[in-house]
Amino acid sequence: MQANGQYPMITQEMADFYHEQGYLIVENALTPDELEEMRRETTAVCRGDRGTNIRNYEAPPADATEEDILRRYLCIHFPHKLSAIMEKYLAHPTIVDVATKVIGPNVKCMQSMLFIKAAGKPGQAWHQDEEFIPTRDRTLLGGWIALDDANTTNGGLWVIPGSHKPGIIWPQQVQNDPRFDCTVETWGFPYKDEDAIPVEVKAGAIVFFNGYLLHRSLPNFAQSGYRRVLVNHYMSAESLLPWHKPKDGEWMAIADYRDIVMIAGVDPYGWKGVEEIAHPMLRPSGEGGCDNGARPKDEQPRSVVVGGIG
Ligand SMILES: O=C(O)CCC(=O)C(=O)O
């Protein structure tokens, strides 16, 4: 890795590793000041200081401590729509460097998610991000910015290296495993849990992973603290994004979700303009599983309902 000012830049060897294994870790991507800024901003967003026009938002009691506030939510979807600071980090120099090297010169972002995952909170079951956000050229890339050390104790990420390569979207089913948040799980793939490896990183690292890579996280087993992560999703700007249903007069093959932020290069579809579609949403802090009264049995799992992932 060579230094570009204060930010790490990846080598061809690292880009090759990403293509081969489906993931890449860049350590020390955030400076200590950036890390501090992101942690402060996480609390501000959860406290409602950046606006409360958030689906599922309930104001915390006036005397709530920072810990009370952070424990209320498992995840905030689309924080970049609330916070200029979160928006700035969509285009962090290390992310732009990696995305342009593994995707191409023109890159757009369509989603951000801020996981808080306090001690005791559940993980996310096996999934592939492209089952939720379909690109047409298999370029979906997650940029997972660790705001705390993330490890096997506090619910860090697990990946199955190389599982992106077949380019197959495996089936999904409703799961009710108390270790996981109430989302669907991917199953029926030809890998075992023993094929998975933990991705243990220090705060300030960014983990990149391919949209076809099978990954999951386990609960936060620590006694205290959080496993905070901002994860953003990117793809090539050349690909249409058939994420939502086609509009009137459109057909599936040309559906193109246009609530995007360009982070590099030019947008070949710039003539379409950009739309406001996604709305910030709080994912309440369930204790895992789907039977804790949170969801009637005939309701769709949460990922399907909101069109988001993780
Ligand atoms: O950080 C996690 O616990 C899960 C993140 C994830 O699965 C994703 O971003 O797709």
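Residues numbered from 1 in each chain as written. Predicted model: local features only at pLDDT ≥ 70, side-chain atom pairs only at ≥ 80, totals over all residues.

We now examine the overall build of the protein. Scanning the protein from N- to C-terminus turns up six helices and 16 strands. The globule rule puts the C-alpha radius of gyration for 310 residues at 19 Å, and the 18 Å found for the protein is close to it. For the protein, buried positions account for 43% of its 310 residues. Across the protein, contacts joining residues at least 24 apart in sequence account for 83% of those joining residues at least 6 apart. (Helix = DSSP H or I, 4+ residues; strand = E, 2+ residues; numbered from the N terminus. Rg over C-alpha atoms; globule rule 2.2 N^0.38 Å. Buried ≥ 20, exposed ≤ 12 C-beta atoms within 10 Å, placed from the backbone. Contact = placed C-beta atoms within 7 Å.)

Checked against the element boundaries, Thr-31 lands in the loop between strand E3 (23-26) and helix H2 (32-47). Linking Thr-31 and Gln-6, residues 25 residues apart in sequence, is a C-alpha distance of 7.8 Å.

Listing the buried residues of helix H5 (residues 93-102) in full gives Thr-94, Ile-95, Val-98, Ala-99 and Val-102. Seen end-on, H5 carries its buried residues on one side only, within an arc spanning 120 degrees. Phi turns positive, to about 155 degrees, at Gly-104, one or two residues after H5. (Arc of directions from axis to C-beta.)

What follows is about the sheet that holds strand E6 (residues 124-127). Spatial strand order, E6-E13-E8-E11: four strands in an open sheet with antiparallel pairing. Each edge of the open sheet is held by one strand with a lone partner, namely E6 and strand E11 (197-199). Neighbour-to-neighbour, the strand axes of the sheet open up by a mean angle of 25 degrees, direction not taken into account. Where strand E8 (residues 157-159) meets strand E13 (residues 215-217), three bridges bridge the pair, whose relative direction is antiparallel. Note on E13: the bridge partner recorded for Val-159 is His-215. (Pairing = 2+ DSSP bridges. Axes fitted to C-alpha atoms, helices over the stretch in contact; angles between N-to-C directions.)

For the protein, the average pLDDT comes to 92, and 91% of its residues sit at 70 or higher. A low-confidence stretch, residues 292-307 stays under pLDDT 50, and its non-local contacts, those more than four residues away or across chains, total 24 contacts. (pLDDT = per-residue confidence, 0-100.)

Moving on: unusual backbone geometry. In the Ramachandran plot, Asn-28 falls in the positive-phi region, its phi being about 55 degrees despite a non-glycine side chain. Its place among the elements puts Asn-28 in the loop between E3 and H2. Of note, Arg-138 is a non-glycine position whose phi angle comes to about 60 degrees, a positive value. For Arg-138, the position within the fold is in the loop between E6 and strand E7 (141-146).

In this structure, Ile-116 and Val-207 are the most contacted members of the largest nonpolar core, which totals 69 residues. At six residues, the largest contribution of residues to this core is made by strand E5 (residues 107-115). In this structure, Ile-116 is in contact with Cys-46, Leu-70, Tyr-73, Leu-74, Cys-75, Tyr-226 and Arg-228, ignoring residues within four places of it in sequence. (Core = buried A, V, L, I, M, F, W, Y, C linked by C-beta atoms within 7 Å.)

What follows covers the environment of Phe-78. Following the sequence through the fold, Phe-78 ends up in the loop between strand E4 (73-77) and helix H4 (84-90). Its 22 C-beta neighbours within 10 Å are what place Phe-78 among the buried residues. C-alpha of Phe-78 to C-alpha of Arg-50: the two residues are 28 residues apart in sequence and 13 Å apart in space.

Turning our attention to the environment of Pro-161. The topology assignment puts Pro-161 in the loop between E8 and strand E9 (172-174). The sequence separation of Pro-161 and His-215 amounts to 54 residues, and the corresponding C-alpha distance is 9.1 Å. Ignoring any residue separated from it by four or fewer positions in sequence, one finds Pro-161 in contact with Gln-21, Gly-22, Tyr-23 and Ile-197.

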